[in-house]
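Here's the letter readout for the chains.
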Amino acid sequence: MLQLDPKKLRKRAWAERRFRLYGILALLFAGSVLTLLVSTIVSSGHSAFFNTTLTLQLELDPDSMGISRPYTKDNLMHGSYYTTVKKGLYRLFPEVTARAERRALAAILSPGAEIKLRDYLLHNPDAIGKTITLIVPVSSDFDQLYKGNLPRTGEHTRLSQAQMAWFDTLLADGRIGYSFNPGFFLGGDSRYPELAGIGGAVAGSFHALMVCVLLSFPLGIAAAVYLEEFSKDTRLTRIIEANINNLAAVPSVIFGLLGLAVLLNFFGLPRGTPLVGGMVLALMTLPTIIIACRSSLRAVSPGIRQGALAMGASPIQVTFHQVLPAAMPGTLTGTIIGLAQALGETAPLLMIGMVAFIANVPATPLDSAAALPVQIYLWAESAERGFVEKTAAAIMVIMTFLILMNLIAVIIRSKTQTKVE
């Protein structure tokens, strides 16, 4: 009878425990780093979902606003409202009379205050000639001051002591407010951090992904079905398969260069549009979908094919009525993961011009637009302190989209697999 050395058994058991300990420590380290990263992003960006506002009483004199009767939309759109808003702020500090001091005081107001008054009059033209109370946004520096992101002292302080004293007075009078900022989700880009939003970038990414899905999904499935079910093992087929596998590992910037050379310069498609961006992302996603679909087709039990053929079905009927539905869970999972990767790509979109300053929300794939990762890239380059929180908040949004897309992939795979079984 074979006798085991107790020392060797203890040594082996200790080695196994040590290996398990190393694995646990590695997981704890990775989890702590991920937690630190996410907490840093959340702490830096959560304040971007809110904005600081100022409540003013404004005298709506049509002469000072440059508005003539009738008060139509065209006349109101061409009015000048900034002076009216400034006068409302000046009345709160009658002791400030010097031109330089008034200029410093007016720096509390955001350019969005003028837009806010204009939009109010477009919906309430009867208010002209009256005195109203209006809530307007403050400028980025005072917004960051209220949020605690801008120091009051030191070399990084951009505000004077007088400006901070005026702001503290407004705060003590209850005129400073803090509310949810819907403009961050609905508005386009802006040179002013307090007015910048991701609405245009989200719309651009949505249009690009729709174009990507419409092109890559049917083409990817068709190519995978042909290569796996109908093609013969020839040299040409092997070359195509090798190229598909190689394309899956090609850097995304190469696809951007391809789109720039072929789609823009050769075919003359409109530059910087989601249409071109979606086509480039489709080229990048196509190998992932083909590989995922082929792997799923291979995983289908041979008994399904043999049983269908034994019942008199043709090879095409076997493929499209039996094999492909059984392979659809893995195919959909690979497709959604490929789209999630495409959502976070920046380099190919930079190459085809989706990097311009776009203040409007695109309505169609043919309108010039930015994408969400490109918007993050642009904001990260800005020196304004207000864009730091915007960048972190946009990262939170794109991370949420990626998590939801992966969750949808898991749900679709689970439900489709249950139906197939």
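In case you missed it, the structure is sitting above this.
Residues numbered from 1 in each chain as written. Predicted model: local features only at pLDDT ≥ 70, side-chain atom pairs only at ≥ 80, totals over all residues. Heavy atoms only, no water.

**Observations regarding the overall build of the protein chain**
Then comes step 1: Check the secondary structure of the protein chain and you find 18 helices and 3 strands.
Then comes step 2: The C-alpha radius of gyration computed for the protein chain amounts to 30 Å, which surpasses the reference 22 Å derived for 421 residues by more than 25%, pointing to a less compact arrangement than a globule.
Then comes step 3: With the C-alpha coordinates of the protein chain rotated into their principal frame, the extents come out at 100 × 70 × 40 Å.
Then comes step 4: For the protein chain, restricting intrachain contacts to residue pairs at least 6 apart in sequence, the fraction spanning at least 24 positions comes to 77%.
Then comes step 5: Of the roughly 23100 Å² of accessible surface on the protein chain, a fraction of 63% belongs to carbon and sulfur atoms.
Then comes step 6: In the protein chain, 36 positive and 28 negative side-chain charges are present, and the distance between their average locations comes to 11 Å. (Helix = DSSP H or I, 4+ residues; strand = E, 2+ residues; numbered from the N terminus. Rg over C-alpha atoms; globule rule 2.2 N^0.38 Å. Contact = heavy atoms within 4.5 Å. Areas by Shrake-Rupley, 256 points an atom, 1.4 Å probe, with all protein chains shown as cover. Lys, Arg positive; Asp, Glu negative; His and termini not counted. Charge placed at Lys NZ, Arg CZ, Asp CG, Glu CD.)

**Some remarks on the packing of helix α10 (residues 199-230) against helix α15 (residues 315-343)**
Then comes step 1: One way to put it is that α10 packs onto α15 with a least axis distance of 9 Å and a crossing angle of 140°. One element, α10, and the other, α15, form an angle in the oblique class. The element α10 and its partner α15 pack so that their crossing is right-handed. (Axes fitted to C-alpha atoms, helices over the stretch in contact; angles between N-to-C directions. Parallel < 35°, antiparallel > 145°, perpendicular 65-115°, else oblique. Left-handed = near helix turned anticlockwise from the far one by under 90°.)

**Focus: the pattern of salt bridges**
Then comes step 1: Applying the stated rule across the entire model yields 9 salt bridges.
Then comes step 2: A salt bridge links Arg-305 to Glu-229; the nearest nitrogen and oxygen atoms lie 2.8 Å apart. Within this pair, whereas Arg-305 is found in helix α14 (residues 302-310), its partner Glu-229 is found in helix α10, the two being separated by 76 residues in sequence.
Then comes step 3: The closest approach of N and O atoms between Arg-294 and Glu-241, which form a salt bridge, is 2.9 Å. Of the two residues, Arg-294 is situated in helix α13 (residues 274-299) and Glu-241 in helix α11 (residues 235-247); the sequence distance between them amounts to 53 residues.
Then comes step 4: When its relative accessible area of 11% is taken as the criterion, Arg-294 is described as buried.
Then comes step 5: According to the relative accessible area criterion, Glu-241 is partly exposed, its value standing at 22%.
Then comes step 6: Shared partners join several salt bridges into a network, and the residues in it are Glu-228, Glu-241, Arg-294 and Arg-298. (Salt bridge = Lys/Arg side-chain N within 4 Å of Asp/Glu carboxyl O. Buried < 20%, exposed > 50% of the residue type's maximum accessible area, 1.4 Å probe, protein only.)

**Section: the environment of Leu-309**
Then comes step 1: Summarising the element assignment, Leu-309 is placed in helix α14.
Then comes step 2: In sequence terms Leu-309 and Pro-6 are 303 residues apart; their C-alpha atoms lie 60 Å from each other.
Then comes step 3: If we ignore the near neighbours within four places in the chain, the residues touching Leu-309 are Pro-315 and Val-318.

**Notes on the side chain of Gln-163**
Then comes step 1: Within the element layout of this structure, Gln-163 appears in helix α8 (residues 161-172).
Then comes step 2: Of the residues examined, Gln-163 reaches a relative accessible area of 9% and is grouped as buried.
Then comes step 3: At 3.0 Å, the side chain of Gln-163 and the backbone nitrogen of Ser-160 are in polar contact.
Then comes step 4: Apart from the residues within four sequence positions on either side, Gln-163 is in contact with Ala-104, Ala-107, Phe-142 and Arg-158. (Polar contact = N/O pair within 3.5 Å; in protein donor to acceptor, adjacent residues only side chain to side chain.)

**Looking at the sheet that holds strand β1 (residues 50-59)**
Then comes step 1: With antiparallel pairing, 3 strands are arranged side by side in an open sheet as β2-β1-β3. At either margin of the open sheet sits one strand with a lone partner, and together these are β2 (131-137) and β3 (176-180). Strand-to-strand twist of the sheet, defined as the mean angle between neighbouring strand axes without regard to direction, takes the value 35°. (Pairing = 2+ DSSP bridges.)

**Observations regarding the side chain of Ser-190**
Then comes step 1: For Ser-190, the position within the fold is in the loop between α9 (183-186) and α10.
Then comes step 2: In this structure the side chain of Ser-190 is engaged in a polar contact, spanning 3.1 Å, whose partner is the backbone nitrogen of Tyr-192.
Then comes step 3: In this structure Ser-190 touches Leu-195, Ala-196, Phe-357 and Phe-387, once residues within four positions along its chain are discounted.

**A few points about the environment of Asn-243**
Then comes step 1: In this structure, Asn-243 sits in helix α11.
Then comes step 2: Note: C-alpha distance between Asn-243 and Glu-101 (142 residues apart in sequence) is 68 Å.

**Let's talk about unusual backbone geometry**
Glycine aside, negative phi is the norm for most residues, and most peptide bonds take the trans geometry.
Then comes step 1: The omega torsion of the bond from Arg-69 to Pro-70 falls at -5°, within 30 degrees of zero and hence cis.
Then comes step 2: Tracing the backbone through its elements, the reader meets Pro-70 in the loop between α2 (62-65) and α3 (73-77).

**Looking at the packing of helix α12 (residues 252-266) against α13**
Then comes step 1: For the pair α12 and α13, the least separation of the axes is 9 Å and the interaxial angle reads 130°. The angle between α12 and α13 falls in the class oblique. Of the two elements, α12 crosses α13, and the hand of that crossing is right-handed. When α12 is examined against α13, the residues Ser-252, Phe-255, Gly-256, Leu-258, Gly-259, Leu-263 and Leu-264 are found in contact with a partner set consisting of Val-276, Met-279, Val-280, Leu-283 and Met-284.
Then comes step 2: Grouping the amino acids of the contact of α12 with α13 by side-chain chemistry returns 9 nonpolar, 3 polar and no charged. (Nonpolar A, V, L, I, M, F, W, Y, C, P; charged D, E, K, R; others polar.)

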